[in-house]
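Chain by chain, the residues:
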Amino acid sequence: MNPNDPRAELRRFVMELPKAELHVHLEGTMEPELYLAMAARNGLATPYADAEAVRQRLREARDLPSFIRIYEELIGAIRSAQDFRDLAMAFYAKAQSQGVIYAEVFFDPQLHLERGVPLAAIFGGLERARLEAAQTLGFAARYIMCFLRDRPAEDALQVLRDSAPWRDEFIGIGLDNPEVDGFPQKFAAVYAEARAMGLRLTTHCDVGQPNTVAHHWGALDVLGVERIDHGLNVLDDPKLVEAVRARRIGLTAAPTLFYTDIPGRMEYRAGAIRRLLDEGLLVSVNSDDPGMKRSLYVGDLMLRVQQTTGVSRAALVQLARNSFVTAWLPDAEREACLARLDAYVAAHPEPMPA
Ligand code: ADE
Ligand code: ZN
């Protein structure tokens, strides 16, 4: 593309726009090549001859449960503290190349504990990566422990308690995996205990799931979350729109593509993000599982949202602003991030119409 082409200029503007990533699963950042390298160095047999075969397998995902089955299979390659460190560092470098200056990263301890990988290995690798990213890249990250909605709440509570020695190495909790019956009520006690520990609270409410409106209300009123991961179906209930606005709940949307590229998926998600912005809600754009969903990172996805809906540059800046406003940053750090965003926008004025 000619660098003077307005599309090239918009692309550069979006890629370099300072932004935070608030909804990304560390495990889901694993690119097929890294999966194969980890499986090989851990001496694990895989049925895949090459990265393209892994991509082919990922293309089989049709919906959230079928995606999670593949996700759980592939993350079987992660075994050691070094693996967690490598996975996180690869993501930080990639995110930084797309203008992300701060990330809050989910991890799923239960999926590793049930394979015999101890908490010490998980936290050891995560913390090494966090410190290394700060020192070598100047990239800031924090971690959010996610529990699995399709496993018993008692297991989540046990993991939360067992994590006490690493309490300072994560800032909050979330819920992910398939959105099964009983969510969110069955996790009320876990959230009460996490709140008492001073942890921040979020949960997934995935897009287009059964009983989605009731699940959003439960997330707000039973779990008491400050953010909702995805949250596009807030638009299904005008009272939810009101409540989310009044309570200043962050919505960490993820307009991702599966390999199947279900027709209309991006149009629906990008359109909903635009409507949420128009409603004045604190929505941001996030990558969710970039290594497993077509290698699309936050800059790529913001660009897709713009291309799909035609939103203005001011709307893109608002999405970036929302990511910092709803991040779980100490005030001084938040102000510094917002100042970087403001300086960037001031240095890149809108081109004059020809
Ligand atoms: N785990 C990884 N990605 C997820 C998503 N989008 N929803 C629920 N659980 C997940
Ligand atoms: Zn997610």
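Up top you'll find the structure we're talking about.
What comes next concerns the included structure. Quantities reported herein were computed from a predicted structural model and do not represent experimental measurements.

Attention now goes to the pairing of strand β8 (residues 282-285). The alternating pattern of β8 places L282 and S284 on one face and V283 and V285 on the opposite face, and all of these are buried. Sheet topology places strand β7 (residues 250-253) next to β8; four bridges connect them, and they run parallel. Within β8, the position partnered with A253 by the bridge is V285.

What follows covers the environment of H112. Examined against the element boundaries, H112 turns out to sit in helix α6 (residues 109-113). Placed 37 residues apart in sequence, H112 and I75 show a C-alpha to C-alpha distance of 8.4 Å. Beyond its immediate stretch of four places on either side in the chain, H112 contacts E27, I75, I78, F84, V117 and I122. Among the polar contacts listed, one links the side chain of H112 to the side chain of E27, at a separation of 2.7 Å.

A full pass over the atoms with the stated rule returns one cavity of 30 Å³ or more. Considering only enclosed or pocket space, the largest cavity measures out at about 30 Å³ in volume. K19, A20, S284, V285, V298, M302, L319, A320 and S323 are the residues that line the largest cavity. Listing elements by their share of the lining of the largest cavity, those giving two or more residues are β1 (19-25), β8, α13 (298-309) and α14 (313-325). The biggest single contributor to the lining of the largest cavity is α14, with three residues. Within the lining of the largest cavity, the residues separate by chemical class into six nonpolar, two polar and one charged.

With that settled, the discussion passes to the packing of aromatic side chains. What describes a pair of aromatic rings is the distance from one ring centre to the other and the angle between the planes of the rings. What the rule picks out here adds up to 10 aromatic pairs. Both rings, one in F107 and one in Y143, keep their centres 6.4 Å apart while their planes meet at 85°; by these two values the pair is edge-to-face. Of this pair, F107 sits in strand β2 (residues 100-107) while Y143 is found in strand β3 (residues 140-148), placing the two residues 36 residues apart along the sequence. Of the two residues, F107 and Y143, both sit in the buried class.

One way to put it is that helix α5 (residues 81-96) packs onto helix α7 (residues 119-137) with a least axis distance of 7 Å and a crossing angle of 35°. Relative to α7, the crossing made by α5 is right-handed. Listed contacts from α7 to A81, Q82, F84, R85, A88, M89, Y92, A93 and Q96 of α5 are A121, I122, G124, G125, L126, R128, A129, R130, E132, A133, T136 and L137. Its residues placed into classes, the contact of α5 with α7 shows 12 nonpolar, five polar and four charged.

Okay, the pattern of salt bridges next. Pairs may arise between side chains of opposite charge once their charged atoms sit close together. For the coordinates displayed, the defined rule picks out 25 salt bridges. In this structure, the salt-bridge partner of R55 is E33, at a minimum N-O distance of 3.1 Å. With R55 in helix α3 (residues 51-58) and E33 in helix α2 (residues 32-41), this pair connects stretches of sequence that are 22 residues apart. Residue classification places R55 among the buried positions, given a relative accessible area of 18%. By relative accessible area, which is 42% here, E33 ends up partly exposed. Among the salt bridges present, the one from E73 reaches R57, with a minimum N-O distance of 3.0 Å.

Let us now look at the environment of A253. Counting through the fold element by element, A253 comes out in strand β7. Residue class for A253 comes out buried when judged on its relative accessible area of 0%.

Considering only enclosed or pocket space, the largest pocket measures out at about 290 Å³ in volume. In terms of lining, the largest pocket is formed by 25 residues, of which the most central are L64, D206, H230, F258 and K293. Where the lining of the largest pocket is concerned, the elements lending two or more residues are α4 (64-74) and α12 (265-278). By residue number, the principal contributor to the lining of the largest pocket is α4, which donates four residues. Tallied by class, residues from the lining of the largest pocket come to seven nonpolar, seven polar and 11 charged. Of the pockets and cavities examined, the second largest pocket occupies roughly 150 Å³. In terms of lining, the second largest pocket is formed by 13 residues, of which the most central are R200, E226, R248, V325 and T326. Class assignment of the residues belonging to the lining of the second largest pocket gives a composition of five nonpolar, two polar and six charged.

Reading guide: rules and limits
Residues numbered from 1 in each chain as written. Chains lettered and ligands numbered in written order. Predicted model: local features only at pLDDT ≥ 70, side-chain atom pairs only at ≥ 80, totals over all residues. Heavy atoms only, no water. Buried < 20%, exposed > 50% of the residue type's maximum accessible area, 1.4 Å probe, protein only. Helix = DSSP H or I, 4+ residues; strand = E, 2+ residues; numbered from the N terminus. Pairing = 2+ DSSP bridges. Contact = heavy atoms within 4.5 Å. Polar contact = N/O pair within 3.5 Å; in protein donor to acceptor, adjacent residues only side chain to side chain. 1 Å grid on protein atoms, 1.4 Å probe; cavity = no way out; pocket = protein on both sides within 12 Å on 5 of 7 lines; lining within 4 Å. Points joined across faces, edges and corners; volume = space filled by probe spheres on them. Nonpolar A, V, L, I, M, F, W, Y, C, P; charged D, E, K, R; others polar. Phe/Tyr/Trp six-rings, centres within 6.5 Å; stacked < 30°, edge-to-face > 60°. Axes fitted to C-alpha atoms, helices over the stretch in contact; angles between N-to-C directions. Left-handed = near helix turned anticlockwise from the far one by under 90°. Salt bridge = Lys/Arg side-chain N within 4 Å of Asp/Glu carboxyl O.

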